[in-house]
Amino acid sequence: MVLKGLDKHVDLQSSSAKRMIGKVAVVTGGARGIGAATAKLFAENGAYVVIGDILDESGTAVAESIGARYIHCDVSKESDVESAIQLAITWKGKLDILFSNAGIGGTTSSITNLDMEQVKHLISINLLGNVHAIKHAARAMLRCDTKGSIICTSLPDM
Ligand SMILES: NC(=O)c1ccc[n+]([C@@H]2O[C@H](COP(=O)([O-])OP(=O)(O)OC[C@H]3O[C@@H](n4cnc5c(N)ncnc54)[C@H](O)[C@@H]3O)[C@@H](O)[C@H]2O)c1
C-alpha cells in the first residue's frame, strides 16, 4: 500500500515536472548561454528542440547532448531563419514555441563616435533577427494551427 501510494506520488511529480511533452521548439542562439540552458530545460521537459546558431561546433554538441537537432542559422539572414523553422516542421510536423534569443552585445562607444557599420550589424541581428524569426514562426504556427508561444530576449539596444 505504502509503495503504491509512493509510486503514485512519484508519477505525479514526474508528469507535472515534464510540462512540455511533445511540444516542438526552435531556439535561436542556442549554442551557449541562455539559449543553450533554455534548450536543455525544454528537452528535459519533453520538448523536441531545434537549435539554430552560427557556432556550429558548440551548437551541434549541445544538440547531441539533449537529443535536439542543430542547424546553422544566421538570424540576420531571413532564409536561414526560414530553414530553421522548416526543419522543425519537417522533423515533427508542427511548431509550438519560438525562443528568439540569438543576439550580440551593443557597442560601448559614445553616440558621438558611433560606428554606423557596427550599428547596422547589431540591428541586423538583434532587431531584424527577431523580425525574421517571428515572421516565419507565426506563419508556421498558423499553417499548423498550433496556439504557440513566441518569446524574444535579444535587445535592439546600441
Ligand atoms: N545576459 C544578459 O544579461 C542579457 C540581458 C538581456 C538580454 N540578453 C539577450 O539574451 C540573449 C542571450 O544572451 P546570452 O547572455 O546567453 O548571450 P551569449 O552571447 O552567451 O549567447 C548568444 C548566442 O547567440 C548566438 N548568435 C550571435 N549572433 C548570431 C546570429 N547572427 N545568428 C544566430 N545566432 C547568433 C551566439 O553564437 C550565441 O550562441 C542575447 O540576445 C542577449 O542580447 C541577455
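About the criteria used
- Residues numbered from 1 in each chain as written.
- Predicted model: local features only at pLDDT ≥ 70, side-chain atom pairs only at ≥ 80, totals over all residues.
- UniProt positions renumbered as here; feature names shortened; annotations may be inferred.
- Buried ≥ 20, exposed ≤ 12 C-beta atoms within 10 Å, placed from the backbone.
- Helix = DSSP H or I, 4+ residues; strand = E, 2+ residues; numbered from the N terminus.
- Pairing = 2+ DSSP bridges.
- Right-handed = clockwise from strand over helix to strand, strands pointing away.
- Core = buried A, V, L, I, M, F, W, Y, C linked by C-beta atoms within 7 Å.
- Contact = placed C-beta atoms within 7 Å.
- Expected span 1.5 Å × (residues − 1).
- Arc of directions from axis to C-beta.

- The UniProt entry for the protein chain carries the following text under Sequence similarities (unreviewed entry): "Belongs to the short-chain dehydrogenases/reductases (SDR) family."

**Comments concerning the pairing of strand β2 (residues 48-53)**
In step 1: Along β2, six of the six residues are buried, which leaves the element largely enclosed by surrounding structure.
In step 2: By the bridge criterion, five bridges tie strand β1 (residues 24-28) to β2 in an arrangement that is parallel. Paired with Thr-28 across the two strands is Gly-52, which belongs to β2.
In step 3: Pairing of β2 with strand β3 (residues 69-72), which is carried by four bridges, proceeds in the parallel orientation. When the sheet's bridge partners are listed, Asp-53 is paired in β3 with His-72.
In step 4: As a crossover connection, the stretch from β2 through helix α3 (residues 56-66) into β3 is right-handed.

**Points about the nonpolar core**
Note that soluble globular proteins tend to have their nonpolar side chains buried in a common cluster.
In step 1: Judged by nonpolar contacts, the single largest core of 36 residues is most densely connected at Ala-25, Val-26, Ala-39, Val-49, Ile-51 and Leu-95.
In step 2: Residue assignment for this core shows that the elements contributing at least two residues are β1, α2 (33-44), β2, α3, β3, α4 (78-92), β4 (97-100) and α5 (116-144).
In step 3: No other element matches α5, which puts six residues into this core.
In step 4: Apart from the residues within four sequence positions on either side, Ile-51 is in contact with Val-27, Gly-30, Ala-31, Ala-39, Gly-59, Val-62, Ala-63, Ala-68 and Tyr-70.

**Notes on α4**
In step 1: For α4, spanning 15 residues, the distance from its first C-alpha to its last is 22 Å, which sits close to the expected 21 Å at 1.5 Å a residue.
In step 2: Every buried residue belonging to α4 is among Val-81, Ala-84, Ile-85 and Ala-88, and all of these are buried. Relative to the axis of α4, the buried residues are bounded by an arc of 90 degrees and lie together on one face. For α4, the exposed residues lying more than 90 degrees away from the buried face are Ser-79 and Thr-90.
In step 3: Where α4 is buried, its residues meet β1, β2, β3 and α5.
In step 4: The first or second residue beyond α4 is Gly-93, which carries a positive phi of 80 degrees.

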